[in-house]
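# Tertiary structure, described
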Amino acid sequence: MAETINQWAVITIILSGVALLTGVYFIRHGNREAHMRAMIVASSLATIFLVLYLTRLGLGYEKKYIGPNRGAYFALLISHIILAAANLPLALGALFNAYKGLKAAGNLGNIDLPAARGYFNRHRAWVRWTVPVWLYVAVTGWIIYVLLGRWGEVIKGA
């Protein structure tokens with residue numbers, strides 16, 4: 001069961017990354033409504049991933065890397081873990097400011113209202129860090145999954 005949960009976790013984080021890139025595309029092309037929807041999907045999928053990942057760990061399913069070039073693998077893993085931990089507060093900060101800005105604006109057509117502008121400016125400042133970190137964590141997570149699929153050994157079965 002833990003292996004199936006692990007596979008679904010990978011699927012959700014891949015889809016989250018796709019939704020994130022889609023949201024970036026939409027906002028760069030001025031489609032605020034589609035951007036908001038894509039980012040809600042990306043955030044929801046990332047939340048589902050986190051629940052599945054923690055469930056898998058709770059079931060005791062872990063793999064140990066036994067492949068070549070362990071130093072490079074551990075450098076990748078350590079950077080992934082540190083930035084994954086940083087990504088949660090970054091994403092929450094970005095979402096909080098977008099939510100508060102939308103609430104102050106009343107709708108996406110009014111984001112230039114003085115009451116909303118500050119929140120959206122802070123949202124943009126947060127996402128300048130959040131998007132690259134989120135993408136790095138997603139891509140390195142996919143790489144780690146592939147490497148463990150090839151050179152991973154289950155160390156504790158569930």
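Reference entry: report on the structure contained in this document. From a predicted model like this one, the values you see are computed outputs, not experimental measurements.

## Some words on the overall build of the protein chain
A count of helices and strands for the protein chain gives 4 helices and 2 strands. Seen in sequence order, the protein chain has helices and strands lined up from the N terminus as α-α-β-α-α-β. For the protein chain, the spread of C-alpha atoms along the three principal axes comes to 55 × 30 × 25 Å. A buried classification covers 34% of the 158 residues belonging to the protein chain. Sequence separation of at least 24 residues holds for 76% of the intrachain contacts in the protein chain that already meet a minimum separation of 6. When the accessible surface of the protein chain is summed, it comes to about 9400 Å², and 69% of that surface belongs to carbon and sulfur atoms. Separation of charge centres in the protein chain, based on 15 positive and 5 negative side chains, amounts to 8 Å.

## So, the nonpolar core
Judged by nonpolar contacts, Ile13, Ala19, Leu20, Val24, Met39, Ala42, Ala46, Val131 and Trp134 together constitute the single largest core of 9 residues. The set of elements that each furnish at least two residues to this core consists of helix H1 (2-28), helix H2 (32-58) and helix H4 (114-151). In terms of residue count, the dominant contributor to this core is H1 (4 residues).

## Section: the pattern of salt bridges
Under the defined criterion, the tally for this structure stands at 2 salt bridges. Among the ionic pairs, glutamate 33 bridges to arginine 37, the shortest N-O distance being 3.0 Å. Residue glutamate 33 and its partner arginine 37 are both found in helix H2; the two are separated by 4 residues, about one turn of the helix. The exposure class assigned to arginine 37 is exposed, which follows from its relative accessible area of 53%. Arginine 117 is the partner of aspartate 112 in a salt bridge, and the nearest nitrogen-oxygen pair spans 2.7 Å. Owing to a relative accessible area of 57%, aspartate 112 belongs among the exposed residues under this scheme.

## Thoughts on the packing of aromatic side chains
In the structure shown here, the tally under the stated rule is 5 aromatic pairs. Ring centres of tyrosine 25 and phenylalanine 26 lie 5.8 Å apart, and the angle between their planes is 65°; this geometry places the pair in the edge-to-face category. Summarising the aromatic geometry, the rings of tyrosine 65 and tyrosine 73 are spaced 4.0 Å apart at their centres and angled 10° between planes, so their arrangement reads as stacked. Accessibility classification places tyrosine 65 together with tyrosine 73 in one group, the buried group. In this structure an aromatic cluster arises from ring pairing among Tyr65, Tyr73, Phe74 and Trp151.

Cut-offs used in this document
Numbers given to residues run from 1 along each chain, matching the order in which its sequence is written. Note on the predicted model: pLDDT of at least 70 is required for a residue's local features to be given, and 80 or more for side-chain atom pairs to be given and counted; whole-chain, interface and lining totals, by contrast, use all residues. Side-chain measures here rest on the full set of heavy atoms in the structure, leaving out hydrogens and waters. Here a helix means four or more residues in a row that DSSP labels H or I, a strand means two or more in a row labelled E, and each is numbered from the N terminus. To sort residues, take the accessible area from a 1.4 Å probe on protein chains only and compare it with the maximum for the residue type: under 20% means buried, over 50% means exposed, and anything in between is partly exposed. Throughout, a residue-residue contact means that at least one pair of heavy atoms, one from each residue, lies within 4.5 Å. Note on areas: Shrake-Rupley, 1.4 Å probe, and residue coverage restricted to the protein chains presented here. Positive charges come from Lys and Arg alone, negative charges from Asp and Glu alone, with His and the N- and C-terminal ends not counted. Charge positions come from single atoms, namely NZ of Lys, CZ of Arg, CG of Asp or CD of Glu. Joining through side-chain atoms within 4.5 Å is the link that ties buried Ala, Val, Leu, Ile, Met, Phe, Trp, Tyr and Cys residues into a set, and such a set is a nonpolar core. Each salt bridge in this description consists of a side-chain nitrogen of Lys or Arg and a carboxyl oxygen of Asp or Glu lying within 4 Å of one another. Aromatic pairing here means that ring centres of Phe, Tyr or Trp (its six-membered ring) are within 6.5 Å. Orientation follows from the plane angle: under 30 degrees is stacked, over 60 is edge-to-face, and everything else is tilted.

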